[in-house]
Amino acid sequence: MSEERQKTHSFLLYSQAKGRAKIELYPAVQWRRVWRYGKGASFDPKPTINKMWWAKKYRVRIGGKWLRRGNAKYTFFNKTEVRSIILQNAGI
């Protein structure tokens, strides 16, 4: 099943050590209506109220699989974390 949400950024990375990696970024605001704080949540409940929080976060997909922290169903990353993920997958 293909993803219906719109990605804002897509990176195709290649390194001799790791091979190819396709990284896609999706604005977190696209999950605002379906996300509920509770079991498996990796952050505090304030985001449901604060619209600016959602505007500064992204959901990351690498090689067609969502990047997650622990058991969290949805994990959102800020720009600094996204940059680290990209550099790590680029082998830099």
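If you're wondering where the values come from, they're calculated on a predicted model, not measured in any experiment.

Student: Explain the sheet that holds strand β3 (residues 58–62) residue by residue, including any values.
Tutor: Read from one edge of the open sheet, four strands run β1-β2-β3-β4, paired in antiparallel fashion. Pairing within the sheet leaves two strands with one partner each, and these edge strands are β1 (9–15) and β4 (65–66).

Student: Before we move on, could you go through the packing of aromatic side chains and cite the residues and values that matter?
Tutor: In the structure shown here, the tally under the stated rule is four aromatic pairs. Between the aromatic rings of Trp-31 and Trp-66, the centroid separation amounts to 5.5 Å while the plane-to-plane angle is 85 degrees, which identifies the pairing as edge-to-face. Here Trp-66 lies in strand β4 and Trp-31 lies in the loop between β2 (19–27) and α1 (51–55), a separation of 35 residues in the sequence. Overall, the relative accessible area of 23% leaves Trp-66 in the partly exposed class. The residue whose ring lies beneath Arg-59 is Trp-66, and the NZ or CZ to ring-centre distance is 4.2 Å.

Student: How would you explain the nonpolar core if you had to name every residue and give the values?
Tutor: Soluble globular proteins tend to pack their nonpolar side chains together in the buried interior. Ranked by size, the top nonpolar core spans ten residues in total: Leu-13, Ile-23, Leu-25, Tyr-58, Val-60, Phe-77, Val-82, Ile-85, Ile-86 and Ala-90. Only β2, β3 and α2 (79–90) provide two or more residues apiece to this core. Of the residues forming this core, the biggest block, four residues, is contributed by α2. Counting residues in each nonpolar core, the second largest holds six residues, with Trp-31, Trp-54, Tyr-74 and Phe-76 among its members.

Here is what the cut-offs are and how they apply
- Residues numbered from 1 in each chain as written.
- Predicted model: local features only at pLDDT ≥ 70, side-chain atom pairs only at ≥ 80, totals over all residues.
- Heavy atoms only, no water.
- Pairing = 2+ DSSP bridges.
- Helix = DSSP H or I, 4+ residues; strand = E, 2+ residues; numbered from the N terminus.
- Phe/Tyr/Trp six-rings, centres within 6.5 Å; stacked < 30°, edge-to-face > 60°.
- Buried < 20%, exposed > 50% of the residue type's maximum accessible area, 1.4 Å probe, protein only.
- Lys NZ or Arg CZ within 6 Å of the ring centre and 35° of its normal.
- Core = buried A, V, L, I, M, F, W, Y, C linked by side-chain atoms within 4.5 Å.

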